[in-house]
Each structure stands twice: as structure tokens, then as C-alpha cells.
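# Topology and contacts: notes
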Amino acid sequence: MSEIAVSGRTDGRLRASHAVLCGLLGLAAALAAGHLVAAFVGRNASPYLAVGNSAIDLTPTWLKDWAVRTFGTADKLVLLSGMAVVLVAVAAGAGLLSRRSPLAGTVVIGVFGVLGGIAVFARPDLGQLALAAPAASLLAGLWTFRWLHARAAEDEEIGSPDRRRFLLGAGAVAAGAGLVGLGGQLLGSSRSADSSRAAVGELEPARRVPPVPADADFTKLGTPSFLTPNESFYRIDTALIVPQVRAEDWSLRVHGLVERELTFTYGDIRGRRLVERTITMCCVSNEVGGPLISTANFIGVDLAELLREAGVQRGAQQLYSTSTDGWTCGTPLDVVLEPGRGALLAIGMNGEPLPVEHGFPARMVVPGLYGYVSGTKWVTDLEVTTWEARRAYWLERGWAREAPVKTQSRIDSPKGFSTLPPGRVVVAGIAWAQHTGIEKVEVRLDRGPWREAELSTVVTDDAWRMWQVALDVTEPGSHQLACRATDKSGYTQTERRAPVLPDGATGWHTVTFTTR
Ligand SMILES: Nc1nc2c(c(=O)[nH]1)N[C@H]1C(S)=C(S)[C@@H](COP(=O)(O)O)O[C@H]1N2
Ligand SMILES: [Mo]
């Protein structure tokens, strides 16, 4: 029996495994080439990331909400992995459809190339030059696919002198794509903001906050520490890749309804009078009892002072801020300008330059407002405007225009569903009502009478307060705890449950535990 008869390939079709490899390696070459070019024209131009970013922006709010709830900050990893699975499946499928002729694969690559191009084109943080990345992807993908396909077809021909030509070519393409992709990765990170941040050195505020008193938290009883270390500060943003902005390339433009347009460099901001303020930030997406809240000593310049220098015109209502990656935020101007509000353009956090993920070189922080209406990271543009003229990112997606932080409290200990010996149970947690201040926290066991908790020392009304209370839980069995805070305006948290959309959750946090 001849060798040809064994392989049985006399019908001109590629064997399935070769067809699949053509598709997969075409994809690998496309992604690698795009990644390399993106290292030069902007990391987000890498077609894979650009498509991911567009997916985030196009995702309906309910789905995004669900993703954050389910996967927390791993939501981006989940998205990227999901995209990878889809791409691999499509590439393999396109290969299989191309066993007789490369037409099907060519069409699929073309369609994906155009989609990548549109995704890059739609990004507000990229110029036209960035289209070079998806173009490189398209060309590399097309060329690789067709080249491999031709080699595979030749191998199938009867009497072909060397039947390993395809596999050799495939190996070369795989190695080449790996090298090119790695090169893109290395080049891209060498331009990262880390080295610029390291060169900033010590920030020296004219007015420092005093050290945190020892009785400002009850960490021994299970509350968070009063200041959140930078590494554990919660992080929420729409950026798939953390924007890399070097201090020396950064500037902030203040314009719109102002008497004079101003532009500040990093040196300008740093050279102004720096202040330090202790502020608890939280996210509107924080569920009752959720973790999206943290506290830091922010160092920066008074935001109201910058605006007054520019001269705010009558009729202005909104401070519309934009970050390098195109995310936008609308803050009520009267809140920013309010005397004593303490709104900051921050460049430091807990004694260090802002961490890159928290907005290096500069971000906004406004005590008492949820992050999405006040906390623009990597901010480069401040436009003084009206509500009519500009609509910010989350406003467009159904969230409220005005979003002051809602007075809330959370039980940190005991943990839900824990088992404790009957007797004295110390209950501890946090409460917050930024810029108003916490007056009282009460705790209730099994729908009994409310017991007032002991509060930690006040550091500032712009930050959270910790609380603790010891209860006698003698009866064995299942128990439920609830807590509620009253703020200094006299408002007591409502029991009524409201979802996070459109302006923050309400309701009492409850915890169930067992004594045995
Ligand atoms: N550029 C940019 N800034 C942003 C966001 C964003 O998506 N992009 N998210 C905002 C939201 S919703 C919150 S809650 C805070 C979170 O700040 P953090 O990540 O430093 O905790 O940043 C705000 N600033
Ligand atoms: Mo948020």
C-alpha cells in the first residue's frame, strides 16, 4: 500500500489539524504584530485590548453591575479570558472552513481586522496613527494564514518531495509570533509611568495631617485599619490597561466658562502650596455591607483655588473632567467651590506620589461624593460648563447626576455564617457619612432593642468611623445582627433596601451567625 493511499488525501483538501493550525497561527501572528506596533502608537491600540475596551463601554449597565458583583476586580481578567476563548474558537472554525480553499479564513480575518480598526478608531485617547496597530494585525494575519495554507496544500499534493514543509513553517510562525509579542510587551512597559513616578521623590505638603490616633480604629476587633494601605485601597475604573502617564508629559487644562484658560504642568502643581487631607472614598456600586470603601491621606492642591484663579463665569454648573483614557466625570460646581469642602487635585496618597492605578500623576478627590461623580483619575482636562452642554460617562449609562455619599454602616465582626461559643460577643464595624460626620451607631440582636455602640475617636468628618459593642448572646442557635448609623445632620439610615443603581444602595447591613 502506498503512503499516499494511507493518508488518503487525493481530494485537494487540507487535513483538519493543519487547517485548524493555519487559523490559530494566523490569529497569533495578527495579535503579536498589533501588540508590537501598539508599543509605539499607544498600548490601548493593541487590537485585542481595543476590542476589550469597546466591549466594556458597550456593555449594558445591568451586565456590568453583575460582572463587578460576581467577579469583583477580576472582572477585567474574566472579560479578557472570555475574549480569548471566543477568538480561538473563531480562528479554529475559520481554519476548518478553509480546508478546500483559503477564502473563508481570509474573509473572517478581514472582518476581524475591520472590527479591530473600528475599536481603535473609536477610542478617544488614541490618534489616527494608532490605526497602524490594527492594520499591522490585519496584514500579518492575512499573510500568515495564506502562506501557511499554501504550504499545507503543497504538502498534500501527490508526490510532494517534502511533506514536513507545513509543520516547519508553522513552527517558525509560532516562534516568530511569540518573539514579536514579547518584544511589544517589553517595549510597552519600558515607557510605563513607574519610572516617572519613582523620580518624583518626596512630596512635602505645607500642612500635614497629624498621625492617626491609636483609638481611631478597632482592628483588633475586626475593623479595617483607619488608613487603608495603598496596595489594598479599592480600585474601580473602566481601564483595561492602567493608563501610563509620565509626570513630565502630563498637563492639566482648565477651560470653558472661565475668565482665562489655564494650563498647569506637573511642576506647576507640585510647586504650589500642597495640603494633606484625610478622606474616605467610596464607590456608588458598593452593596450594603460591601468592600468598595477605603481611606487615605491625600496630598494635593485645593481644587477650588485652581478654578478661582481661572475665574468661574456666571451660569456655570458643572465641572466636567476628562482622563487620558477618555473617561469623563461631571461634578456639581457648587460642591467643588463650597468653602470648607476640601476638594482636591491630588498628586499624593499616604505619603507617596499617587500610585499609577489610582491616577498618577493627578486625580480629583471630593469629600462626600461618590467616586464616579468626583474622583477622576489620570485627569488632564477640566472644563467648567453647564449640565446641558456635557454628559459624563456614567450619566449616559443611567446613573444619577447628583450622587452625594449615603450614610451607611457595615458589620465586620462577627463574619456572616460564623459559629461562636455562647456568651459575650463583640460586634464591630465601620460607619460613614463623609463631610457630614457620624453621630451614632446602633446594633440590634434578633430584632430586639437597639443598643448604642462605642465609636472610635473622630479624625475628620470626611472619613469613616469605627464602632464596637459587646452583646450577651446566651441562647444557642442562629442569630441575626443589624446595624444602623445616624449622621450629624440627624438622619438615621433607612431600613428600606435600594439597589446601587442609580445613586447608591440603602438598607441595614445584617449578619447571621450561630452560637453553639
Ligand atoms: N479615569 C477614571 N477615573 C475614575 C474612574 C474611571 O473609570 N476612570 N472610576 C471612578 C469611580 S467609579 C470610582 S469609585 C473611583 C475609584 O477610585 P480608586 O480606584 O482610586 O479607588 O475612581 C473614579 N475615577
Ligand atoms: Mo465607583
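Computed from a predicted model, the values in this text were never measured in an experiment.

Here we come to the overall build of the protein chain. The secondary structure content of the protein chain amounts to twelve helices and 19 strands. Principal axes of the C-alpha set define a box for the protein chain whose edges measure 90 × 70 × 40 Å. Expressed as a percentage of its 516 residues, the buried residues of the protein chain come to 51%. In the protein chain, the share of contacts with a sequence separation of at least 24, taken over all contacts with a separation of at least 6, comes to 75%. Carbon and sulfur atoms make up 58% of the accessible area of the protein chain, which amounts to about 23000 Å² in all. Of the charged side chains in the protein chain, 51 are positive and 51 negative; the average position of the first set lies 4 Å away from that of the second.

Here we come to the UniProt feature "domain: Moybdenum cofactor oxidoreductase dimerisation" (unreviewed entry) in the protein chain. With numbering matched to this structure, UniProt assigns "domain: Moybdenum cofactor oxidoreductase dimerisation" (unreviewed entry) to residues 409–496. Annotated as residues 409–496, this span is 0% helix and 57% strand, and its ends, taken at the C-alpha atoms, are 14 Å apart.

Here the focus is the UniProt feature "domain: Oxidoreductase molybdopterin-binding" (unreviewed entry) in the protein chain. The positions that UniProt labels "domain: Oxidoreductase molybdopterin-binding" (unreviewed entry) are, in the present scheme, residues 241–393. Strand forms 37% of residues 241–393 and helix 12%; the C-alpha atoms that close the span are 18 Å apart.

In the segment running from Ser413 into Pro414, the intervening peptide bond is cis, with an omega of 0 degrees. Its location among the elements puts Pro414 in the loop between strand E11 (408–413) and strand E12 (419–420). Omega for the peptide link from Leu501 to Pro502 comes to 5 degrees, which places this bond in the cis form. Examined against the element boundaries, Pro502 turns out to sit in the loop between strand E18 (477–487) and strand E19 (509–515). The phi angle at Phe417 is positive, at roughly 65 degrees, despite the residue not being glycine. Note on placement: Phe417 falls in the loop between E11 and E12.

Time to look at the pairing of strand E17 (residues 465–473). Within E17, seven of the nine residues are buried, leaving the element largely enclosed by the surrounding structure. The pairing of strand E13 (residues 423–432) with E17 spans nine bridges and is classified as antiparallel. What sits directly across from Ile430, in E17, is Met466. By the bridge criterion, two bridges tie strand E16 (residues 454–455) to E17 in an arrangement that is antiparallel. Counted as the bridge partner of Leu455 is Trp467 from E17.

Right, let's get into the site of ligand 1. Lining the immediate environment of ligand 1, one finds 19 residues, of which Tyr234, His358, Arg363, Gly375 and Lys377 sit closest. At 2.6 Å from an oxygen atom of ligand 1 is found a main-chain nitrogen or oxygen belonging to Tyr234. Ile236 is positioned with one of its backbone polar atoms (N or O) 3.0 Å from an oxygen atom of ligand 1. If ligand 1 stood free it would expose 530 Å²; the protein chains cover 99% of that surface. Counted by class, the shell around ligand 1 contains eight nonpolar, six polar and five charged residues.

Turning our attention to the sheet that holds strand E1 (residues 251–256). If you trace the five strands from one edge of the open sheet to the other, you get E2-E1-E10-E5-E6, paired in mixed fashion. Edge strands, defined here as strands with exactly one partner in the open sheet, are strand E2 (262–265) and strand E6 (328–332). Averaged over all neighbouring strand pairs, the angle between strand axes comes to 15 degrees, with direction disregarded. Where E1 meets E2, four bridges bridge the pair, whose relative direction is antiparallel. Residue pairing across strands places Ser251 opposite Thr265, the latter belonging to E2. Contacts from helix H11 (residues 303–310) reach E1, E2, strand E5 (318–323) and strand E10 (379–385), with the element oriented near 140 degrees to E2.

Attention now moves to the pattern of salt bridges. Applying the stated criterion across every chain, the model contains 21 salt bridges. In this structure, the salt-bridge partner of Arg272 is Glu309, at a minimum N-O distance of 2.8 Å. Remark: Glu309 occurs in helix H11 and Arg272 occurs in the loop between helix H10 (266–271) and strand E3 (275–282); sequence separation between them is 37 residues. Note that Glu402 and Arg401 form a salt bridge whose closest N and O atoms lie 3.4 Å from each other. For Glu402, a relative accessible area of 39% translates into the label partly exposed.

A word on the pairing of strand E14 (residues 438–445). Across seven bridges, the pairing between E14 and E18 is antiparallel. When the sheet's bridge partners are listed, Val443 is paired in E18 with Cys483. Relative to strand E15 (residues 450–452), E14 runs antiparallel, the two being bridged by three bridges. Residue pairing in the sheet places Glu442 in a bridge with Glu452 of E15. Counting the residues that bridge the hairpin from E14 to E15 gives four residues, and of these Asp446 lies at a positive phi of roughly 50 degrees.

According to the domain assignment, the protein chain consists of domain 1 (2–190), domain 2 (214–397) and domain 3 (408–515). The centre of domain 1, based on its C-alpha atoms, is set 52 Å off from the matching centre of domain 3.

As a further point, take a nonpolar patch on the surface. Taken together, Leu103, Val107, Val111, Phe112, Val114, Leu115 and Ile118 make up a surface patch of nonpolar side chains, about 630 Å² in accessible area. Assignment of secondary structure puts Phe112 in helix H6 (residues 103–121). Phe112 gets classed as partly exposed once you look at its relative accessible area, which sits at 34%.

Within a sheet, adjacent strands bond to each other through the backbone by hydrogen bonds, running parallel or antiparallel. Strand order in this open sheet of five strands is E12-E19-E18-E14-E15, and the pairing throughout is mixed. At either end of the open sheet lies a strand with only one pairing partner, and these are E12 and E15.

A separate point is helix H4 (residues 61–71). In an α-helix, one full turn covers 3.6 residues, which means residues spaced three or four apart are oriented alike. All buried positions along H4 are accounted for by Thr61, Lys64, Asp65 and Ala67. Take H4 and look down its axis: the buried residues cluster within an arc of 160 degrees, on one side only. Of the surrounding secondary structure, the elements contacted by the buried residues of H4 are helix H3 (47–58) and helix H5 (75–97). Just downstream of H4, Gly72 is the residue with a positive phi angle, here 60 degrees.

Conventions and cut-offs
Residues numbered from 1 in each chain as written. Chains lettered and ligands numbered in written order. Predicted model: local features only at pLDDT ≥ 70, side-chain atom pairs only at ≥ 80, totals over all residues. Heavy atoms only, no water. Helix = DSSP H or I, 4+ residues; strand = E, 2+ residues; numbered from the N terminus. Buried < 20%, exposed > 50% of the residue type's maximum accessible area, 1.4 Å probe, protein only. Contact = heavy atoms within 4.5 Å. Areas by Shrake-Rupley, 256 points an atom, 1.4 Å probe, with all protein chains shown as cover. Lys, Arg positive; Asp, Glu negative; His and termini not counted. Charge placed at Lys NZ, Arg CZ, Asp CG, Glu CD. UniProt positions renumbered as here; feature names shortened; annotations may be inferred. Pairing = 2+ DSSP bridges. Near = heavy atom within 4 Å. Polar contact = N/O pair within 3.5 Å; in protein donor to acceptor, adjacent residues only side chain to side chain. Nonpolar A, V, L, I, M, F, W, Y, C, P; charged D, E, K, R; others polar. Axes fitted to C-alpha atoms, helices over the stretch in contact; angles between N-to-C directions. Salt bridge = Lys/Arg side-chain N within 4 Å of Asp/Glu carboxyl O. Domains from an automatic or database assignment. Patch = residues over 30% accessible without salt bridge, like charges linked within 9 Å, V, L, I, M, F, W, Y side chains within 5 Å. Arc of directions from axis to C-beta.

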